[in-house]
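# Structural overview
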Amino acid sequence: MNPSSLPPSVHRPLFHSQIGAIFAAVGSAVGLGNIWRFPYEAGQNGGGAFLLIYLVLVFVLGVSVMLAEFFIGRKTHQDAVTAMQTLAGKRSAWIIPGYMGVYCALLINGFYFVVAGWTLEYLYQSASGAFGSNRTSEELGAAFSLFCSNPLRPVFWMLVFIGMTHGIINFGVQRGIERVSKIAMPLLFLILLILGVRSLTLPNGMQGLRFLFTPDFSQVTGGTFLCAMSQAFFSLSLGMGCMVTYSSYFEKSTSLVKSAIWITLLDTLVAVLAGIVIFPAVFSFGIAPTQGPDLVFITLPSVFQQMPFGSLWASLFFALLVIAALTSTISLHEVFTVYLQDRFRFSRATSTGLTSFACVVLGVFSSLSLGMLSSFTLGGMTFFDQLDFLSSKILMPMGALIFCVFVGWKIPPKTLQAELTSDGIYNFRIFPFFHFLLRYVVPLAILMIFFGGFLRN
Ligand code: PHE
(Lines give C-alpha, C1' and ligand atoms only; values in the text may rest on other atoms or scores of the structure.)
Protein backbone atom coordinates (compact mmCIF):
# COMPACT_ATOMS: atom_id res chain seq x y z
CA MET A 1 0.00 0.00 0.00
CA ASN A 2 1.38 3.44 -0.77
CA PRO A 3 0.03 6.67 0.64
CA SER A 4 -1.29 7.86 -2.71
CA SER A 5 -3.78 4.98 -2.69
CA LEU A 6 -5.42 6.37 0.44
CA PRO A 7 -8.94 7.72 0.04
CA PRO A 8 -9.59 11.44 0.45
CA SER A 9 -10.69 11.15 4.09
CA VAL A 10 -7.01 11.30 5.04
CA HIS A 11 -7.30 15.07 4.83
CA ARG A 12 -8.41 15.20 8.39
CA PRO A 13 -7.31 17.30 11.33
CA LEU A 14 -4.18 16.21 13.18
CA PHE A 15 -3.10 16.99 16.73
CA HIS A 16 -1.08 20.24 16.70
CA SER A 17 1.96 18.91 18.49
CA GLN A 18 3.60 15.75 19.77
CA ILE A 19 2.94 16.84 23.34
CA GLY A 20 -0.73 17.45 22.54
CA ALA A 21 -0.92 13.98 21.00
CA ILE A 22 0.68 12.38 24.05
CA PHE A 23 -1.57 14.28 26.47
CA ALA A 24 -4.66 13.22 24.53
CA ALA A 25 -3.61 9.56 24.50
CA VAL A 26 -2.62 9.65 28.17
CA GLY A 27 -6.01 11.25 28.83
CA SER A 28 -7.67 8.31 27.15
CA ALA A 29 -5.58 5.78 29.03
CA VAL A 30 -5.80 7.37 32.47
CA GLY A 31 -9.35 7.00 33.66
CA LEU A 32 -11.69 5.20 35.99
CA GLY A 33 -9.67 2.12 35.12
CA ASN A 34 -6.68 3.50 37.02
CA ILE A 35 -8.34 5.14 39.98
CA TRP A 36 -11.57 3.23 40.49
CA ARG A 37 -10.76 -0.20 39.11
CA PHE A 38 -7.03 -0.86 39.53
CA PRO A 39 -7.00 -0.46 43.33
CA TYR A 40 -9.94 -2.79 43.89
CA GLU A 41 -8.63 -5.39 41.43
CA ALA A 42 -5.30 -5.27 43.27
CA GLY A 43 -7.13 -5.48 46.59
CA GLN A 44 -9.06 -8.56 45.50
CA ASN A 45 -6.11 -10.32 43.87
CA GLY A 46 -3.38 -10.26 46.47
CA GLY A 47 -2.03 -6.71 46.33
CA GLY A 48 1.67 -6.81 45.47
CA ALA A 49 1.47 -10.06 43.49
CA PHE A 50 -1.15 -8.55 41.22
CA LEU A 51 0.92 -5.40 40.81
CA LEU A 52 3.96 -7.41 39.76
CA ILE A 53 2.06 -9.46 37.16
CA TYR A 54 0.34 -6.31 35.95
CA LEU A 55 3.65 -4.48 35.45
CA VAL A 56 5.15 -7.30 33.38
CA LEU A 57 2.02 -7.58 31.23
CA VAL A 58 1.74 -3.82 30.70
CA PHE A 59 5.29 -3.44 29.51
CA VAL A 60 5.52 -6.59 27.39
CA LEU A 61 2.01 -6.99 25.98
CA GLY A 62 0.75 -3.43 26.42
CA VAL A 63 3.55 -1.57 24.65
CA SER A 64 3.60 -4.11 21.79
CA VAL A 65 -0.14 -3.95 21.16
CA MET A 66 -0.06 -0.16 21.38
CA LEU A 67 2.65 0.02 18.73
CA ALA A 68 0.66 -2.32 16.48
CA GLU A 69 -2.38 -0.04 16.85
CA PHE A 70 -0.28 3.08 16.29
CA PHE A 71 0.99 1.56 13.06
CA ILE A 72 -2.55 0.92 11.79
CA GLY A 73 -3.81 4.36 12.77
CA ARG A 74 -1.00 6.58 11.63
CA LYS A 75 -0.27 4.70 8.43
CA THR A 76 -3.87 5.17 7.23
CA HIS A 77 -5.16 8.26 9.10
CA GLN A 78 -8.57 6.59 9.24
CA ASP A 79 -11.12 5.22 11.68
CA ALA A 80 -10.53 1.67 12.93
CA VAL A 81 -12.81 -0.06 10.38
CA THR A 82 -11.69 1.85 7.28
CA ALA A 83 -8.07 1.58 8.39
CA MET A 84 -8.23 -2.22 8.44
CA GLN A 85 -9.93 -2.18 5.07
CA THR A 86 -7.28 0.07 3.56
CA LEU A 87 -4.46 -2.13 4.84
CA ALA A 88 -6.01 -5.54 4.19
CA GLY A 89 -8.22 -5.03 1.14
CA LYS A 90 -11.90 -4.47 0.61
CA ARG A 91 -13.25 -7.99 0.99
CA SER A 92 -10.81 -9.08 3.64
CA ALA A 93 -11.96 -10.67 6.91
CA TRP A 94 -9.35 -8.55 8.68
CA ILE A 95 -11.96 -5.81 8.79
CA ILE A 96 -13.72 -7.74 11.59
CA PRO A 97 -11.45 -6.53 14.44
CA GLY A 98 -12.17 -2.99 13.21
CA TYR A 99 -15.89 -3.54 13.67
CA MET A 100 -15.32 -5.35 16.97
CA GLY A 101 -13.40 -2.29 18.11
CA VAL A 102 -15.88 0.45 17.29
CA TYR A 103 -18.80 -1.53 18.73
CA CYS A 104 -16.75 -2.44 21.77
CA ALA A 105 -16.26 1.31 22.32
CA LEU A 106 -20.01 1.68 22.34
CA LEU A 107 -20.43 -1.15 24.86
CA ILE A 108 -17.81 0.36 27.17
CA ASN A 109 -19.58 3.71 26.90
CA GLY A 110 -22.71 1.92 28.10
CA PHE A 111 -21.32 1.24 31.57
CA TYR A 112 -18.49 3.79 31.76
CA PHE A 113 -20.83 6.77 31.57
CA VAL A 114 -22.85 5.31 34.44
CA VAL A 115 -19.85 5.20 36.77
CA ALA A 116 -18.69 8.58 35.45
CA GLY A 117 -22.10 9.94 36.49
CA TRP A 118 -21.60 8.54 40.01
CA THR A 119 -18.36 10.49 40.29
CA LEU A 120 -20.28 13.70 39.58
CA GLU A 121 -22.83 12.88 42.29
CA TYR A 122 -20.04 12.20 44.77
CA LEU A 123 -18.21 15.38 43.79
CA TYR A 124 -21.43 17.28 44.34
CA GLN A 125 -21.99 15.61 47.70
CA SER A 126 -18.41 16.23 48.83
CA ALA A 127 -18.49 19.86 47.83
CA SER A 128 -21.79 20.37 49.63
CA GLY A 129 -20.28 18.95 52.81
CA ALA A 130 -22.20 15.68 52.94
CA PHE A 131 -19.12 13.77 54.10
CA GLY A 132 -18.64 16.05 57.06
CA SER A 133 -21.43 14.36 58.98
CA ASN A 134 -20.52 11.29 60.97
CA ARG A 135 -22.15 8.43 59.17
CA THR A 136 -20.96 4.85 59.78
CA SER A 137 -19.59 2.84 56.86
CA GLU A 138 -22.79 0.75 56.92
CA GLU A 139 -24.80 3.93 56.48
CA LEU A 140 -22.53 5.06 53.67
CA GLY A 141 -22.86 1.65 52.03
CA ALA A 142 -26.63 1.78 52.27
CA ALA A 143 -26.64 5.32 50.85
CA PHE A 144 -24.52 4.16 47.90
CA SER A 145 -26.78 1.19 47.07
CA LEU A 146 -29.82 3.39 47.42
CA PHE A 147 -28.30 5.93 45.06
CA CYS A 148 -27.24 3.36 42.42
CA SER A 149 -30.61 1.67 42.39
CA ASN A 150 -32.52 4.94 42.20
CA PRO A 151 -34.16 5.18 38.76
CA LEU A 152 -33.59 8.92 38.30
CA ARG A 153 -30.60 10.41 40.06
CA PRO A 154 -27.77 8.33 38.55
CA VAL A 155 -29.41 8.63 35.14
CA PHE A 156 -29.51 12.40 35.55
CA TRP A 157 -25.78 12.61 36.35
CA MET A 158 -24.99 10.21 33.53
CA LEU A 159 -26.84 12.48 31.10
CA VAL A 160 -24.84 15.44 32.39
CA PHE A 161 -21.63 13.51 31.73
CA ILE A 162 -22.72 12.52 28.24
CA GLY A 163 -23.64 16.16 27.62
CA MET A 164 -20.17 17.38 28.65
CA THR A 165 -18.48 14.76 26.47
CA HIS A 166 -20.78 15.59 23.56
CA GLY A 167 -19.91 19.27 23.81
CA ILE A 168 -16.17 18.62 23.71
CA ILE A 169 -16.38 16.13 20.83
CA ASN A 170 -18.49 18.59 18.88
CA PHE A 171 -15.60 21.08 19.04
CA GLY A 172 -13.46 18.63 17.10
CA VAL A 173 -10.04 17.08 17.44
CA GLN A 174 -7.90 20.16 18.03
CA ARG A 175 -10.24 22.62 19.67
CA GLY A 176 -12.07 19.93 21.64
CA ILE A 177 -9.98 16.86 22.47
CA GLU A 178 -6.48 18.32 22.35
CA ARG A 179 -7.31 21.53 24.19
CA VAL A 180 -9.16 19.80 27.02
CA SER A 181 -6.45 17.15 27.42
CA LYS A 182 -3.72 19.78 27.68
CA ILE A 183 -5.49 21.41 30.60
CA ALA A 184 -6.89 18.30 32.26
CA MET A 185 -3.77 16.14 32.40
CA PRO A 186 -1.45 18.52 34.29
CA LEU A 187 -4.33 19.27 36.68
CA LEU A 188 -4.88 15.58 37.26
CA PHE A 189 -1.23 14.97 38.13
CA LEU A 190 -1.22 17.94 40.49
CA ILE A 191 -4.27 16.71 42.41
CA LEU A 192 -2.87 13.20 42.55
CA LEU A 193 0.40 14.45 44.05
CA ILE A 194 -1.38 16.52 46.70
CA LEU A 195 -3.56 13.57 47.67
CA GLY A 196 -0.57 11.20 47.69
CA VAL A 197 1.34 13.39 50.13
CA ARG A 198 -1.73 13.70 52.36
CA SER A 199 -2.31 9.98 52.41
CA LEU A 200 1.29 9.03 53.10
CA THR A 201 1.50 11.36 56.07
CA LEU A 202 -1.44 9.67 57.80
CA PRO A 203 -0.59 7.50 60.83
CA ASN A 204 -0.12 3.81 59.89
CA GLY A 205 0.02 4.70 56.21
CA MET A 206 3.01 2.39 55.77
CA GLN A 207 0.82 -0.63 56.35
CA GLY A 208 -1.12 0.29 53.23
CA LEU A 209 2.05 0.52 51.22
CA ARG A 210 3.17 -2.84 52.49
CA PHE A 211 -0.11 -4.31 51.28
CA LEU A 212 0.30 -2.76 47.85
CA PHE A 213 3.93 -3.68 47.37
CA THR A 214 4.45 -7.01 49.20
CA PRO A 215 3.54 -9.85 46.85
CA ASP A 216 1.33 -12.60 48.27
CA PHE A 217 1.53 -15.35 45.66
CA SER A 218 -0.76 -17.69 47.55
CA GLN A 219 -3.73 -15.89 46.04
CA VAL A 220 -2.50 -16.06 42.45
CA THR A 221 -4.53 -18.28 40.08
CA GLY A 222 -5.15 -18.42 36.33
CA GLY A 223 -7.93 -15.95 37.00
CA THR A 224 -5.45 -13.46 38.46
CA PHE A 225 -3.50 -13.40 35.19
CA LEU A 226 -6.69 -12.88 33.19
CA CYS A 227 -7.74 -10.06 35.51
CA ALA A 228 -4.32 -8.44 35.23
CA MET A 229 -4.27 -8.76 31.44
CA SER A 230 -7.75 -7.39 30.89
CA GLN A 231 -7.00 -4.62 33.35
CA ALA A 232 -3.81 -3.82 31.39
CA PHE A 233 -5.65 -3.58 28.06
CA PHE A 234 -8.56 -1.68 29.57
CA SER A 235 -6.28 0.76 31.31
CA LEU A 236 -4.21 1.45 28.20
CA SER A 237 -7.37 1.69 26.02
CA LEU A 238 -6.10 -1.18 23.84
CA GLY A 239 -7.69 -3.86 21.70
CA MET A 240 -10.68 -1.82 20.58
CA GLY A 241 -9.39 0.71 18.11
CA CYS A 242 -9.10 3.66 20.46
CA MET A 243 -5.36 3.99 19.95
CA VAL A 244 -5.86 3.33 16.23
CA THR A 245 -8.23 6.29 16.16
CA TYR A 246 -6.05 8.64 18.22
CA SER A 247 -2.89 7.77 16.31
CA SER A 248 -4.74 8.54 13.09
CA TYR A 249 -4.46 12.15 14.29
CA PHE A 250 -0.69 11.90 14.88
CA GLU A 251 1.66 13.86 12.65
CA LYS A 252 4.39 12.03 10.79
CA SER A 253 6.90 13.81 13.02
CA THR A 254 5.43 12.23 16.17
CA SER A 255 7.68 9.45 17.44
CA LEU A 256 5.45 6.40 17.86
CA VAL A 257 7.87 4.42 20.01
CA LYS A 258 8.58 7.29 22.38
CA SER A 259 4.87 8.09 22.65
CA ALA A 260 3.94 4.47 23.40
CA ILE A 261 6.53 4.28 26.16
CA TRP A 262 5.50 7.60 27.70
CA ILE A 263 1.80 6.75 27.62
CA THR A 264 2.41 3.37 29.23
CA LEU A 265 4.71 4.83 31.90
CA LEU A 266 2.35 7.65 32.83
CA ASP A 267 -0.71 5.42 32.85
CA THR A 268 1.02 2.92 35.12
CA LEU A 269 2.31 5.70 37.33
CA VAL A 270 -1.23 6.98 37.85
CA ALA A 271 -2.53 3.50 38.73
CA VAL A 272 0.27 3.01 41.26
CA LEU A 273 -0.19 6.53 42.65
CA ALA A 274 -3.92 5.89 43.01
CA GLY A 275 -3.01 2.81 45.05
CA ILE A 276 -0.62 4.95 47.11
CA VAL A 277 -3.44 7.43 47.75
CA ILE A 278 -6.05 4.83 48.60
CA PHE A 279 -4.42 2.00 50.58
CA PRO A 280 -2.55 4.01 53.24
CA ALA A 281 -5.74 6.00 53.88
CA VAL A 282 -7.81 2.84 54.13
CA PHE A 283 -5.36 1.09 56.47
CA SER A 284 -4.85 4.16 58.52
CA PHE A 285 -8.49 4.07 59.52
CA GLY A 286 -8.53 0.32 60.06
CA ILE A 287 -10.79 -0.63 57.17
CA ALA A 288 -10.46 -3.89 55.18
CA PRO A 289 -8.88 -3.25 51.76
CA THR A 290 -10.35 -6.17 49.85
CA GLN A 291 -13.49 -4.36 48.77
CA GLY A 292 -14.99 -4.66 45.33
CA PRO A 293 -16.17 -1.90 42.99
CA ASP A 294 -17.48 0.10 45.92
CA LEU A 295 -13.99 0.68 47.41
CA VAL A 296 -13.97 4.21 46.08
CA PHE A 297 -17.62 5.00 46.76
CA ILE A 298 -18.07 3.52 50.26
CA THR A 299 -14.72 2.85 51.86
CA LEU A 300 -13.08 6.11 50.87
CA PRO A 301 -15.96 8.37 51.93
CA SER A 302 -15.83 6.73 55.37
CA VAL A 303 -12.11 7.49 55.44
CA PHE A 304 -12.66 11.10 54.38
CA GLN A 305 -15.29 11.55 57.07
CA GLN A 306 -12.77 10.78 59.77
CA MET A 307 -10.12 13.13 58.42
CA PRO A 308 -9.81 16.79 59.37
CA PHE A 309 -11.02 18.90 56.41
CA GLY A 310 -12.64 15.74 55.05
CA SER A 311 -14.91 17.60 52.63
CA LEU A 312 -11.93 19.26 51.01
CA TRP A 313 -10.06 15.99 50.50
CA ALA A 314 -13.20 14.26 49.30
CA SER A 315 -13.88 17.05 46.80
CA LEU A 316 -10.32 16.88 45.49
CA PHE A 317 -10.50 13.12 45.13
CA PHE A 318 -13.81 13.09 43.27
CA ALA A 319 -12.70 16.00 41.09
CA LEU A 320 -9.74 13.80 40.18
CA LEU A 321 -12.11 10.99 39.20
CA VAL A 322 -14.29 13.33 37.13
CA ILE A 323 -11.30 14.69 35.19
CA ALA A 324 -9.85 11.22 34.63
CA ALA A 325 -13.20 9.88 33.46
CA LEU A 326 -13.89 12.81 31.14
CA THR A 327 -10.71 12.50 29.07
CA SER A 328 -11.49 8.79 28.69
CA THR A 329 -15.15 9.18 27.73
CA ILE A 330 -14.00 11.69 25.11
CA SER A 331 -11.82 9.03 23.50
CA LEU A 332 -14.49 6.35 23.73
CA HIS A 333 -16.99 8.68 22.11
CA GLU A 334 -14.54 9.73 19.41
CA VAL A 335 -13.92 6.15 18.24
CA PHE A 336 -17.55 5.72 17.22
CA THR A 337 -18.10 9.31 16.12
CA VAL A 338 -15.25 9.30 13.63
CA TYR A 339 -16.28 5.85 12.42
CA LEU A 340 -19.70 7.28 11.49
CA GLN A 341 -18.05 10.33 9.97
CA ASP A 342 -15.54 8.38 7.83
CA ARG A 343 -17.73 5.47 6.83
CA PHE A 344 -21.06 7.15 6.22
CA ARG A 345 -19.85 10.65 5.38
CA PHE A 346 -22.09 12.13 8.08
CA SER A 347 -21.17 15.58 9.32
CA ARG A 348 -19.28 15.92 12.60
CA ALA A 349 -22.42 17.21 14.33
CA THR A 350 -24.62 14.35 13.10
CA SER A 351 -22.04 11.70 13.99
CA THR A 352 -21.58 13.19 17.45
CA GLY A 353 -25.34 13.32 17.97
CA LEU A 354 -25.91 9.73 16.87
CA THR A 355 -23.12 8.45 19.10
CA SER A 356 -24.42 10.37 22.11
CA PHE A 357 -27.89 9.01 21.45
CA ALA A 358 -26.56 5.44 21.43
CA CYS A 359 -24.69 6.16 24.68
CA VAL A 360 -27.87 7.45 26.30
CA VAL A 361 -29.88 4.36 25.34
CA LEU A 362 -27.22 1.88 26.52
CA GLY A 363 -26.42 3.96 29.59
CA VAL A 364 -30.04 4.21 30.74
CA PHE A 365 -30.46 0.43 30.51
CA SER A 366 -27.23 -0.31 32.28
CA SER A 367 -27.95 2.20 35.04
CA LEU A 368 -31.44 0.81 35.55
CA SER A 369 -30.06 -2.74 35.57
CA LEU A 370 -28.59 -1.92 38.98
CA GLY A 371 -32.01 -1.08 40.37
CA MET A 372 -35.39 -1.34 38.73
CA LEU A 373 -34.27 -3.89 36.12
CA SER A 374 -31.94 -5.88 38.35
CA SER A 375 -34.01 -9.04 38.01
CA PHE A 376 -33.21 -9.23 34.29
CA THR A 377 -29.94 -11.10 34.39
CA LEU A 378 -28.11 -13.35 31.96
CA GLY A 379 -25.61 -15.87 33.33
CA GLY A 380 -26.12 -14.23 36.74
CA MET A 381 -24.96 -10.86 35.43
CA THR A 382 -26.87 -7.61 35.15
CA PHE A 383 -26.75 -5.69 31.88
CA PHE A 384 -24.15 -3.39 33.44
CA ASP A 385 -21.91 -6.37 34.34
CA GLN A 386 -22.43 -7.96 30.94
CA LEU A 387 -21.22 -4.85 29.14
CA ASP A 388 -18.15 -4.76 31.35
CA PHE A 389 -17.46 -8.50 31.03
CA LEU A 390 -18.00 -8.70 27.27
CA SER A 391 -15.83 -5.68 26.52
CA SER A 392 -12.94 -6.07 28.90
CA LYS A 393 -12.68 -9.84 29.36
CA ILE A 394 -13.52 -10.91 25.79
CA LEU A 395 -13.52 -8.26 23.08
CA MET A 396 -10.45 -6.30 24.17
CA PRO A 397 -8.09 -9.30 24.61
CA MET A 398 -9.33 -10.79 21.33
CA GLY A 399 -9.03 -7.44 19.55
CA ALA A 400 -5.51 -6.99 20.89
CA LEU A 401 -4.60 -10.49 19.71
CA ILE A 402 -5.94 -9.94 16.19
CA PHE A 403 -4.29 -6.51 15.80
CA CYS A 404 -0.95 -8.08 16.80
CA VAL A 405 -1.27 -11.06 14.48
CA PHE A 406 -2.32 -8.78 11.63
CA VAL A 407 0.55 -6.33 12.03
CA GLY A 408 3.07 -9.06 12.89
CA TRP A 409 2.24 -11.44 10.04
CA LYS A 410 0.42 -9.53 7.30
CA ILE A 411 2.41 -6.31 7.18
CA PRO A 412 5.84 -6.50 5.54
CA PRO A 413 8.44 -5.86 8.28
CA LYS A 414 10.05 -3.09 6.20
CA THR A 415 6.74 -1.20 5.99
CA LEU A 416 6.22 -1.60 9.72
CA GLN A 417 9.71 -0.45 10.59
CA ALA A 418 9.45 2.54 8.26
CA GLU A 419 6.24 3.74 9.94
CA LEU A 420 7.47 3.13 13.47
CA THR A 421 10.63 5.13 12.79
CA SER A 422 8.80 7.81 10.73
CA ASP A 423 10.81 6.77 7.65
CA GLY A 424 14.09 6.61 9.50
CA ILE A 425 13.84 9.92 11.40
CA TYR A 426 13.85 8.01 14.69
CA ASN A 427 15.87 5.05 15.88
CA PHE A 428 14.26 1.76 16.79
CA ARG A 429 17.27 -0.50 17.24
CA ILE A 430 15.42 -3.35 18.89
CA PHE A 431 12.96 -3.61 16.01
CA PRO A 432 13.80 -7.30 15.31
CA PHE A 433 13.18 -8.11 18.96
CA PHE A 434 9.89 -6.18 18.90
CA HIS A 435 8.84 -7.96 15.72
CA PHE A 436 9.54 -11.31 17.34
CA LEU A 437 7.43 -10.31 20.37
CA LEU A 438 4.61 -9.21 18.10
CA ARG A 439 4.64 -12.39 16.03
CA TYR A 440 5.10 -15.06 18.66
CA VAL A 441 5.32 -13.99 22.27
CA VAL A 442 2.39 -11.58 22.55
CA PRO A 443 -0.21 -13.67 20.67
CA LEU A 444 0.77 -16.85 22.53
CA ALA A 445 0.74 -15.09 25.88
CA ILE A 446 -2.70 -13.59 25.23
CA LEU A 447 -4.10 -16.97 24.17
CA MET A 448 -2.60 -18.80 27.15
CA ILE A 449 -3.80 -16.24 29.67
CA PHE A 450 -7.21 -16.04 28.02
CA PHE A 451 -7.89 -19.78 28.05
CA GLY A 452 -6.00 -20.40 31.27
CA GLY A 453 -8.10 -17.78 33.01
CA PHE A 454 -11.41 -19.14 31.84
CA LEU A 455 -10.58 -22.79 32.32
CA ARG A 456 -9.26 -22.42 35.84
CA ASN A 457 -11.61 -19.75 37.05
N1 PHE B 1 -8.41 3.48 29.63
C2 PHE B 1 -9.59 3.99 30.23
C3 PHE B 1 -9.50 3.85 31.74
O4 PHE B 1 -8.57 3.32 32.26
C5 PHE B 1 -10.82 3.31 29.73
C6 PHE B 1 -10.89 3.20 28.26
C7 PHE B 1 -10.94 1.96 27.67
C8 PHE B 1 -10.87 4.34 27.47
C9 PHE B 1 -10.95 1.84 26.31
C10 PHE B 1 -10.89 4.23 26.11
C11 PHE B 1 -10.90 2.98 25.53
O12 PHE B 1 -10.39 4.24 32.44
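Residue indices begin from 1 for each chain and proceed along its sequence in written order. Note on the predicted model: pLDDT of at least 70 is required for a residue's local features to be given, and 80 or more for side-chain atom pairs to be given and counted; whole-chain, interface and lining totals, by contrast, use all residues. Calculated side-chain values reflect all of the structure's heavy atoms, with hydrogen atoms and water omitted.

### Re the pattern of salt bridges
We define a salt bridge as a contact between a side-chain nitrogen of Lys or Arg and a carboxyl oxygen of Asp or Glu at a distance within 4 Å. Under the criterion given, the structure shown has seven salt bridges. Measuring nitrogen to oxygen at the nearest pair gives 2.8 Å for the salt bridge that ties Arg153 to Glu121. On the criterion of sequence distance, the pair formed by Arg153 in helix H7 (residues 153-170) and Glu121 in helix H5 (residues 96-127) is long-range, its members being 32 residues apart. Each of Arg74, Lys75, Lys252, Glu419 and Asp423 takes part in one network of salt bridges that share partners. Runs of H or I in DSSP of at least four residues are treated as helices and runs of E of at least two as strands, each being numbered from the N terminus.

### A word on the environment of Thr329
Take Thr329: it is sitting in helix H14 (residues 310-344). Note: C-alpha distance between Thr329 and Phe161 (168 residues apart in sequence) is 8.8 Å. Those residues in contact with Thr329 that lie beyond four places of it in its chain are Asn109, Tyr112, Phe113, Phe161 and Thr165. The term polar contact refers here to a pair of N or O atoms within 3.5 Å; inside protein, the definition further demands a hydrogen-donor-capable atom paired with an acceptor-capable atom, and it admits residues adjacent in sequence only when both atoms are side-chain atoms. Among the polar contacts made by the side chain of Thr329, one reaches the side chain of Thr165 at a distance of 3.1 Å. The contact criterion used is simple: two residues touch if any of their non-hydrogen atoms lie within 4.5 Å.

### What about helix H6 (residues 137-149)?
The end-to-end C-alpha distance of H6 is 18 Å, a good match for the 18 Å that 13 residues give at a rise of 1.5 Å each. Taken as a whole, H6 has its buried residues at Leu140, Gly141, Phe144, Phe147 and Cys148. Along the long axis of H6, the arc covered by the buried residues comes to 130°, so they all point the same way. Pointing more than 90 degrees away from the buried face of H6 are the exposed residues Glu138 and Leu146. To estimate how far a helix should extend, the number of its residues minus one is multiplied by 1.5 Å. Burial classification: accessible surface area is computed with a 1.4 Å probe over protein chains only, and a residue below 20% of its type maximum counts as buried, one above 50% as exposed, and the rest as partly exposed. Directions pointing from the helix axis toward each C-beta atom define the arc.

### Some remarks on the packing of aromatic side chains
Two aromatic rings from Phe, Tyr or Trp, using only the six-membered ring of Trp, form a pair when their centres are within 6.5 Å; if the ring planes differ by under 30 degrees the pair is stacked, by over 60 it is edge-to-face, and anything between is tilted. A complete count under the given rule lists 41 aromatic pairs for this structure. An angle of 50° between the planes, with centres 5.8 Å apart, marks the rings of Phe304 and Phe317 as tilted. Here the residue Phe304 occupies a position in helix H13 (residues 295-306), and Phe317 occupies one in helix H14, the gap between them amounting to 13 residues. Classification of Phe304 by relative accessible area gives buried; the value is 6%. Taking 5.3 Å as the distance between ring centres and 45° as the angle between the ring planes, the aromatic pair formed by Phe436 and Tyr440 counts as tilted.

### Here's the deal with helix H12 (residues 256-284)
Helix length check: H12, at 29 residues, gives a terminal C-alpha distance of 42 Å against a target of 42 Å (1.5 Å per residue), a fit within 8%. In terms of residue burial, H12 counts as a mostly covered element, since 24 of its 29 residues are buried. With a side-chain oxygen lying 3.2 Å from the backbone nitrogen of Lys258, the N-terminal cap of H12 falls on Ser255. One or two steps after H12, the chain reaches Gly286, where phi turns positive at roughly 65°.

### Quick word on the site of the ligand
To be near a molecule or strand, a residue needs just one of its heavy atoms within 4 Å of it. The local shell around the ligand holds 17 residues, among which Ala29, Gly33, Tyr112, Phe234 and Ser235 are the closest. A distance of 2.4 Å is found between an oxygen atom of the ligand and a side-chain nitrogen or oxygen belonging to Tyr112. A distance of 3.1 Å separates a nitrogen atom of the ligand from a polar atom in the side chain of Ser237. A total of 320 Å² of accessible area belongs to the ligand in isolation, and the protein chains cover 100% of it. Elements supplying a minimum of two residues to the shell around the ligand: helix H1 (18-29), helix H2 (32-44), H5, helix H10 (222-235) and H14. Charged means Asp, Glu, Lys or Arg here, nonpolar means Ala, Val, Leu, Ile, Met, Phe, Trp, Tyr, Cys or Pro, and polar covers whatever is left, Gly included. Of the residues that constitute the shell around the ligand, the class distribution is nine nonpolar, eight polar and no charged. To be clear on the numbers: accessible area is Shrake-Rupley with a 1.4 Å probe, and residue cover counts the displayed protein chains and nothing else.

### A short note on the nonpolar core
Leu67, Ile72 and Phe317 are the most contacted members of the largest nonpolar core, which has 160 residues in total. In terms of residue count, the dominant contributor to this core is H14 (18 residues). Apart from the residues lying within four places of it in its own chain, the contact partners of Leu67 are Leu256, Val257, Ala260, Leu420, Phe428 and Phe434. Side-chain atoms within 4.5 Å link the members of a nonpolar core, which is a set of buried Ala, Val, Leu, Ile, Met, Phe, Trp, Tyr and Cys residues.

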